[in-house]
Amino acid sequence: MTTLSLILLLSSFAVFQTVDDQCSHFNSIELLKSRPTHLLVFLHHVILQFDCAPVLCYLHADLFKSYSTRDTKKYFGEFCSTFLDKGAVKLFVMLELGFCVSFIDRTRPELIGEDQQRRYAQEMQNMQCLEVLRQLDDFRSEKRLMMMGMTPNEQELSQVENHYPTDRVPREMKEKAVAEMLYEKLSDANIFSLYYCGCIHAIVEFLLCCFLMCLLIISSGDAPYMQPEGPLTGSVSSPLPQQEEVEPRLLELEQEPPSWRELASSEVLNKLSKKEIKRQEVINELFATEHAHVRMLSVLQTVFYRPLEREAIMSSDDLNAIFPGLDEIIDVHYAFYENLKKVRQEDGFVVKAISTPLLNRFLGSEGDWFQKLTARFCSHQSWALDQIKSRQKKDPRFNAFILDAESKPQCRRLQLKDIIPTEMQRLTKYPLLLENIAKSTEDNTEKQNVQQAADCCRKILNHVNDEVKHMENLLTLRDYQRRLDTSGLKPSNELFLEYKNFDLTTRRMLYEGPLIWRVTKEKAIDVQGVLLGDMLVLLQKQDDKMLLKCQSKSIIAAEVGKQMLSPIIKLDSAFLREVATDRKAFYVIFTWDSGAQIYELVAQSVSHKNCRKYPQQMSVSTSFLKMKFYFI
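You'll find the protein entered in an unreviewed UniProt entry as Rho guanine nucleotide exchange factor (GEF) 1b, with Astyanax mexicanus given as the organism.

Here it is as structure tokens:
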């Protein structure tokens, strides 16, 4: 035998040995579920060669083993619609399962009990086993007949099999990344028919979730790796041990993303200027911190919000009040994170232009929607924290749940009161990050676009700050209204009739703060000054009450109900004068057709007397704008 013949023989043996090694992953559908890239390659083969309904039905039915009660009821109708109603699985199968006539007639399968739904799904899965085995056998036979490189998607399989694992990029992370790219590639090529597109997406997302969960269990040392078993290899079992429901996003985000320097090629890195390296560092910081923020929001959702709802510890209305629009906020941030990730990957992790995803997120209608969502969530923050603190004191079950949830490793030693403010904290960082990117950007068009995005972020932040302040003021007014006592107005029949049903919450509070009301030289009263849009209200604190109380400059006048000073001053008939002998004091002169009344009020300090940092937003005369500066 010649040397050339020997080389060809050995090469041929090596090729077929590699093929056989890869084929071992295709021995059962349960093995494929632990290798997402291989599973997608198999699905591609089945879709091109066979009726794909059996394998998709098998995999979709498998999802019910991990679904919660709510999700089982939610998705069972979709399962029936995909595989039964549309004829993907024949009618005799339904008859064998014992479906009632009304169900065969396609009427509200979600009304069937949860146990029955799970049993039907399991039976449907078992009935597909023989066909799935036949398709696997055909795939293995066809693959062995092909030389390496001729199998569709062989390149993706090679990327996984030939990857050299490192601490930063282990094999599991590489396989997940390749599987995601392969799924996008097949989707873009319209390999998946519209008929099953949603089903395939749900299956792929779930299997990637399972794959990551196994990775986390292995890396943490919580459990040894075990060969999964199922209907096609042995006893029926769930692909994962029973555990709490985990959001796929959270599993994905548990691993910190590698730095751009680790992923970019050394050849490209060596060509970058110092300014460009600084720009890339800030872009990487934007991406990494967005990753961390989406993860923290997902913790808020999966560790606190959903279990509280699922276990009926809090009503849906209460949860929506404490976490308003949380799901939508997560969707927005996750979409932004995914767009940043896509730009990084497309540019080989040295980002050429970042302005497009920034403007898409913060400009125009998308920016307005983001502003609306964040303003609603952040404005409820203070109230939410108060509600949680109060409920923990009153409700032992709620308190026990919170303490247990906060102890979970996902929280990383943070308490719920530390997690809720993260959205507001994130908003404050966007303008700074984007401005730093703009400073290091050479291209003028790109620089202007990034700066425009930064300006949009600043505008959103200012709006949210205003909404937060408005909500805090409203909560203060509600507290004052709850404690309001108008009986002190009775000495003046006119005032009592006008203000006995006075409602502070119908007005917008601009400022508030402690004042001293000098009724006479001998009589000074501590009051809480509340400056509303059209009036100044002087409230007296007495125990837990806030009193609206008339004052008189003489005992005789008080007895006859004359010359009473009202604790409510209408601003459209008032003006301000400073007190020459006391820098902290000022006069409010209230006039009407038949006379005038003078109020002498004293602030706690003069530090803000000449301040002009606040906008002129009060609906009163310009001279009266100064009053707000005494309440700081």
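1. Points about helix H21 (residues 381-394)
Residues three or four positions apart in an α-helix share a direction because the helix packs 3.6 residues into each turn. If you check H21, its first and last C-alpha atoms are 20 Å apart, about what 14 residues at 1.5 Å a residue would give, namely 20 Å. Those residues of H21 lying buried are Gln381, Ala384 and Ile388. Each buried residue of H21 sits inside an arc of 60° when the element is viewed along its axis, so together they form one side. Exposed side of H21, more than 90 degrees from the buried face: Lys389, Lys393 and Lys394 are the residues found there. Those residues of H21 hidden inside the fold are in contact with helix H17 (316-322), helix H20 (364-379), helix H22 (396-406), helix H23 (416-419) and helix H24 (422-439).

2. Some points on the pairing of strand S4 (residues 535-542)
The element S4 is largely enclosed, with a buried count of six among its eight residues. Sheet topology places strand S3 (residues 524-532) next to S4; four bridges connect them, and they run antiparallel. Counterpart to Gly529 in the pairing with S4 is Leu538. Between S3 and S4, which pair antiparallel one after the other, the connecting turn spans two residues. In the sheet, S4 pairs with strand S8 (residues 568-570) via three bridges, with the strands oriented antiparallel. Its bridge partner lying in S8, Leu536 is registered against Ile569. Note that S4 and strand S5 (residues 545-547) share three bridges and pair antiparallel. Following the sheet pairing, Lys541 is matched in S5 by Met546. Between the antiparallel neighbours S4 and S5 lie two residues, among them Asp543 with a positive phi of about 55°.

What counts and how
Residues numbered from 1 in each chain as written. Predicted model: local features only at pLDDT ≥ 70, side-chain atom pairs only at ≥ 80, totals over all residues. Heavy atoms only, no water. Helix = DSSP H or I, 4+ residues; strand = E, 2+ residues; numbered from the N terminus. Expected span 1.5 Å × (residues − 1). Buried < 20%, exposed > 50% of the residue type's maximum accessible area, 1.4 Å probe, protein only. Arc of directions from axis to C-beta. Contact = heavy atoms within 4.5 Å. Pairing = 2+ DSSP bridges.

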